[in-house]
Every structure is written in C-alpha cells, then in structure tokens.
Amino acid sequence: MRYAEALKLQTRYFYASKIEYYMTRIKTLQLTIALAVLSAIGPILAAEYLAYQQGLRIETEHVLRYVNDVIHRSDRTTYQINESKGQIQAEFPGQACSEQMIARMSTIALEKEFVEVIGHMNGNLMDCSSLGWHSPPIDLGPPDQTTRVGNSLRADLHFPLAPNVPMVSLDQDGFVAIANRSLSIDLSDEEVGVRFATFTPTTGEIRSSNGTIDPEWLTRLGQEKQISFITDSFIVGVGRSEDILLTAAVAAVPLSTLHERVNEFTWLMVPIGLFSGLILAALVAFLARQHLSIGTEIKLALRRKEFYAVYQPIVRLHDKKIIGAEALLRWKRQDGTTTMPDVFIPEAEKLGLITKITHQLIELIEKDVRRHFNDYPNFKIAINISAADLESEQTRPLIKKLAEKINGECTVEITERVLLDAKHSADRIEVLRKDKISVALDDFGTGYSSLSYLQTLQFDYLKIDKIFVDAINTQAATNHVVLHIIEMAKTLGLAIQAEGVETEEQARFLAERNVEYAQGWLFGKPVQASDFSVVFVGAIANYKE
Ligand code: C2E
Ligand code: CA
Ligand code: CA
C-alpha cells in the first residue's frame, strides 16, 4: 500500500518535472524561432531597401539618358535641316529649278541622316526637290511661324507624298529642308512602355511623342536644365537643349520597370540575407540553449537528486594519518556523464541556485556522516560554501545542525572571493566560530589583498593553493611564495593545510616547515563515502577495527 502510494507520487513527480522541462524547452524554442526569424528577416529587409535605392538610382540615370538622347537627336535634326538648306542655297543662290539643282539636292538629302527631302520653294509651293520635278508643284501650306532669323517653320507638316509621316520643315530664301519628326524620338525599342516626347519649352507644346505625356510634367522643368521625379506610375525625366532654345525632351519609364529591377536585386540579395540570417539564427539558438538550459538543468538535477558528494582525505603531515575529508560535489547526469563543480558551481552562483545546492549537499553529508564517518573518532568534515550561503538565513542554521551531528570537527571553507561578495563577512565568520564551526580560508593567494583579510578576519585554517604547492622546488617565479605564506600563517597563529600535494618531495618540503595538514592525490583522490573506509582504512587516524 505504502509502496503503491510512493510509486504514484514518484510518477506524478516524474511527469511534473518532465512537463516543466518541456515547457521550458518549448519557451526556449519559441524564443529561438522568433529570434531566428527576426535575424533572418532583418538582412532580407535591408537587402530589399538597398535593392530599391539601387534600382531607383539606376532607373533615374536611365530615364535621364533617354532625355539626353532625344535632345541630342532633336538638335541634330535641327542642325541638319539648317545645314542642308544653307548648303543648297550657297550653291544655287536665287536660281530656279534645274536638273543640276535636283541632283545636288538628292545627294545632300542622302548624306543627312535626319533629312528626308530638300526642295525649291516658290512661296508655299515646292516646284522641285531631291525627289525630282513636281508639276503641279506641291503646296506645303502656310508656315506656323517665322523664327527670329527669318526661317519659316512648319512644325507639323503633312507632306502630301507621305501624309502619315509627321514631318517638320524649315525654309528660307527659296529652299526648304524637311525632316522626319519622329526620328528624334525613335530610340531603341528594347524597353516596352517607355514614352518619349520633344516639346517647346517656352510654350509647353508637344512636338513629337510616342505616347500620352502629362502636360504637367513639362511645366515642372521651370528654368532647370534637367529634372527627374516619380509619379504614380512613371519615373520621369525632363530636360532642355543647351544649344537650341526651342528644344526640350521628356522621357518616362514605367514604375513596373523599377519594380522588376528591384526584384532582380532583391532575389540576388535574399540568398545572402537568408544565409547570414541562418548563421545569426544558429548562433542565437546556440546561445539561447546554452544560456537557458543550464538553469533549467540545475533545477531538474536538484529535483532528480543528481548531485552527490565525494570526499577527499585530509592528512596530518607528520604521520600522514587521515584526520578528515573535504566534501566535493559531483553531478551525475541522466546521460551518464559527470559534470565537475568548476562548471556548474559558478553558473549556480550566477543564477541564485547555489543555496539550494548547498542545502542538498548538507543533507547528503548528514547521511554519509551517520552511515560512515561517525565510525571514525574525531573525524573532521570540511564543506565549501559560497557568498550566498554565508548571507543566507536558511543555510547557516543548517550548517550549525550538521556540525552538531558530526562527532568530530566541522570546517567551512570560504574563498577570498566569497568574502568580497558577502556583506558582513566578519560578523558571519564570528557567528560560525561561536557555533563551534571552524573556518578555513580556501585557495589562499589566488585572490586580492590576501594580507588584509588575514589580519582583520578570524580564521582557523589557511589553505595554501595548489599553484604554490606546484611551485615547490621548481624554477617557477612563485617557488618562494609558499615560504612567505607559511611564515605569515605562523605569525597569525593559523593552522596550515596545503592543497594539491602530488609528490613525496612536496610533502617532505611542507612537513619540514611544520605545515600541519595536507590534501592531494599523493594521499588520496576524492571518493564516495561508502568507499572511504575500503580505500583508506589503514590510514585513518585513531581508527580501531
Ligand atoms: P577546492 O575547494 O579548491 O577543491 C579542490 C579541488 O582540487 C577539487 O576539485 C579536488 O578534486 C582537486 N584536487 C585535490 N587534490 C588534487 C591534486 O593532488 N591534484 C589535482 N590536480 N587536483 C586536486 P573539484 O572537486 O573539481 O572542485 C573544484 C572546485 O569546485 C573546488 O575547489 C571548490 O571551489 C568548488 N566546489 C566543489 N564542491 C563544492 C561545493 O560543494 N560547494 C561549493 N560552493 N563549491 C564547491
Ligand atoms: Ca575547498
Ligand atoms: Ca582550494
């Protein structure tokens, strides 16, 4: 009955801890995924933004290049009309049509890429041209305007021989040159939907275009040489000719072209963004796991009682008899691996879990004392505590209770770092000593301002750190420090315990200098309490079988 109940409890407990474990894991996972998504999206968004900026810059350059091309072609048309008209005029000044004149006109028209026809005029009538004799003569109609230098301009000429081609003509002193107006906007057709137009900047009148042009675009130019802007559906460029006052051009590239280009760039950037995002995400996941799991794992280890104590013998150096042991923690994980205290104690201290661990350790020691160590007369048990333990209102009474259960001595080992972190370490140590608990200063010489601690605080033992023991009889710079430490401890009336003694030579050196106690692999590695008597039985002081 009681067994069944216990089993039920245990099962419930098992599942409770499992659920907590998985909840934490799920939370970690969610956080990790969120961070991963963020770190993947970030670079992609940045890539998208850069792609847009880049696309806009390129398309704006593109549209302005169109504007300049159109202006250039328009200017060349104007030049060529003027040139061809001037040429024929110079060769046949004031003359009537002749075969010679017609032949010359044909040659000049062929030479000029934008000029279609050169002709001889009688008023508005063309009686011969590069195309031959015209009888009856062709009526070009009245000119739209006369320019400042006396040229007659027909900006929208419908030449009767090709009425569907928009032409422009300029004539003076009996000669006319006719050009195809659309040639100036006849740019490459590689891009669909691009619109071009030439216009007269003074009036805003469109001269030629390949599509609808919003008149408002033209007015935006004002007195500028060149401008560009974005409308709802176009990137627009507008510019004027530097050479010919009456020439200006507009070009408009549909926004869809920009979007296509942005997409191209984005797709180029997305894999890079994705890749760096993945690496970031993996890093985040790794860190999150590392960071979040250790706390959870320690909590679970406490619940599952995965911590256990091992004991390392402390010997009296003059006869090498074991007078006690230092309890050291071990963590046996579910996967069978053992984690050493160097790894989890600092984490537990950071996460505020150390007092819980110490409480469990005290419980473990109490059991071991009852079952094993109280068999040995005057046996000493040493326990390591952290700053939080020294401060804790719960830990100190537990230590006191433990000390009462030990037939021999109970020693608390604290490091200088613990003293720095604890607020009233002097008071705390005094209380411990009043409760008949001895206090050892651990790892002496590895912390700060060691001397001042020695003078102001009341210790019973001073533990010489392994690094100074290692230096004994070597060429190390620290090889003489051990002598100073021994001297100092003697002056202050402290008992000395050397740590990490591994060789007979070190043991002899220390014994010759009246160091009372030692610990180290030379005398014994830490073992579980149940093994202690098996391994060390002959060496335990006062032990009677
Ligand atoms: P510590 O208190 O200075 O403990 C001595 C460490 O040196 C132990 O390592 C011990 O196994 C090791 N050691 C002893 N003799 C020799 C030797 O001859 N050669 C070598 N190479 N090593 C030797 P461990 O058990 O890994 O403990 C490491 C540290 O973890 C301890 O240093 C102590 O600061 C901390 N620690 C261990 N158990 C506890 C605990 O229950 N509570 C607290 N707060 N800290 C603990
Ligand atoms: Ca210690
Ligand atoms: Ca130590």
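See above for the structure.
Residues numbered from 1 in each chain as written. Chains lettered and ligands numbered in written order. Predicted model: local features only at pLDDT ≥ 70, side-chain atom pairs only at ≥ 80, totals over all residues. Heavy atoms only, no water.

Draft legend 1. Main features of the coordination of the calcium ion (ligand 2). Only E326 (OE), N384 (OD1), E413 (OE) and D442 (OD) from the protein reach the calcium ion (ligand 2) as donors, at distances of 2.1 to 2.3 Å. Here the calcium ion (ligand 3) and the calcium ion (ligand 2) are spaced 4.0 Å from one another, each receiving a donor from D442. Taken together, the residues N384 in strand β16 (residues 380–384) and D442 in strand β18 (residues 438–444) connect sequence positions 58 residues apart. You can call D442 buried: its relative accessible area is 5%. (Donors = N, O, S within 2.8 Å, 3.2 Å for Na, K, Ca; no water. Helix = DSSP H or I, 4+ residues; strand = E, 2+ residues; numbered from the N terminus. Buried < 20%, exposed > 50% of the residue type's maximum accessible area, 1.4 Å probe, protein only.)

Draft legend 2. Fine view of the site of ligand 1. What surrounds ligand 1 is a group of 23 residues, the closest being Q312, R330, E499, E502 and W521. In this structure, an oxygen atom belonging to ligand 1 sits 3.1 Å away from a side-chain N or O atom of D442. Protein coverage of the free-state accessible area of ligand 1, which is 790 Å², stands at 83%. Elements represented by at least two residues in the shell around ligand 1 include exactly β14 (321–332), α5 (341–350) and β18. For the shell around ligand 1, the leading source of residues is β14, giving 4 residues. Residue composition of the shell around ligand 1, grouped by class: 10 nonpolar, 5 polar and 8 charged. (Near = heavy atom within 4 Å. Polar contact = N/O pair within 3.5 Å; in protein donor to acceptor, adjacent residues only side chain to side chain. Areas by Shrake-Rupley, 256 points an atom, 1.4 Å probe, with all protein chains shown as cover. Nonpolar A, V, L, I, M, F, W, Y, C, P; charged D, E, K, R; others polar.)

Draft legend 3. Spatial organisation of the pairing of strand β9 (residues 205–209). In this sheet, β9 lies alongside strand β8 (residues 195–200) in antiparallel orientation, the contact comprising 4 bridges. Following the sheet pairing, T198 is matched in β9 by S208. In textbook terms, the turn of a hairpin is the stretch between consecutive antiparallel strands, and for β8 and β9 this stretch comprises 4 residues, one of which, G204, has a positive phi near 80°. (Pairing = 2+ DSSP bridges.)

Draft legend 4. Up close: the nonpolar core. If you look at the biggest cluster of nonpolar residues, it comprises 74 residues, and the most contacted ones within it are I298, F459 and F532. Of the residues forming this core, the biggest block, 6 residues, is contributed by helix α6 (residues 354–371). Ignoring anything within four residues of it in the chain, the contact list for F459 reads I414, L419, I429, R433, V439, A440, L441, Y453, L454 and L494. Counting residues in hydrophobic clusters, the runner-up holds 19 residues, among them A51, Y66, V70 and F265. (Core = buried A, V, L, I, M, F, W, Y, C linked by side-chain atoms within 4.5 Å. Contact = heavy atoms within 4.5 Å.)

Draft legend 5. Main features of the coordination of the calcium ion (ligand 3). Here the calcium ion (ligand 3) is held by the protein donor atoms D442 (OD), D443 (OD), E499 (OE) and E499 (OE), which lie 2.1 to 2.4 Å from it. Read N to C, the donor residues that coordinate the calcium ion (ligand 3) are spaced as D-D-x55-E. Owing to a relative accessible area of 13%, E499 belongs among the buried residues under this scheme.

Draft legend 6. Region of the structure containing the sheet that holds strand β10 (residues 226–230). Read from one edge of the open sheet, 5 strands run β9-β8-β12-β11-β10, paired in antiparallel fashion. With one partner strand each, in any of the chains shown, β9 and β10 form the two edges of the open sheet. When strand polarity is set aside, the average angle formed by the axes of neighbouring strands in this sheet is 20°. Summarising the sheet, β10 and strand β11 (residues 234–240) pair through 5 bridges and their orientation is antiparallel. Across the sheet, the residue bridging to S228 is G237, located in β11. (Axes fitted to C-alpha atoms, helices over the stretch in contact; angles between N-to-C directions.)

Draft legend 7. Quick look at unusual backbone geometry. Cis rather than trans, the peptide bond between S135 and P136 has omega equal to 5°. Along the chain, the position of P136 falls in strand β3 (residues 132–139). Even without glycine at this site, N514 takes up a positive phi of about 60°. Within the element layout of this structure, N514 appears in the loop between α14 (504–512) and β21 (517–518).

Draft legend 8. A look at the packing of aromatic side chains. A full pass over the atoms with the stated rule returns 14 aromatic pairs. Ring centres of Y461 and Y517 lie 6.0 Å apart, and the angle between their planes is 70°; this geometry places the pair in the edge-to-face category. Pair noted here: Y461 is in strand β19 (residues 461–464) and Y517 is in strand β21, with a separation of 56 residues, a long-range link. By relative accessible area, Y461 is classed as buried at 9%. Above the plane of the ring of F229 lies R220, whose end atom (NZ or CZ) is 3.9 Å from the centre. In this structure, K525 is placed above the aromatic ring of W521, and the distance from its NZ or CZ to the ring centre is 4.2 Å. (Phe/Tyr/Trp six-rings, centres within 6.5 Å; stacked < 30°, edge-to-face > 60°. Lys NZ or Arg CZ within 6 Å of the ring centre and 35° of its normal.)

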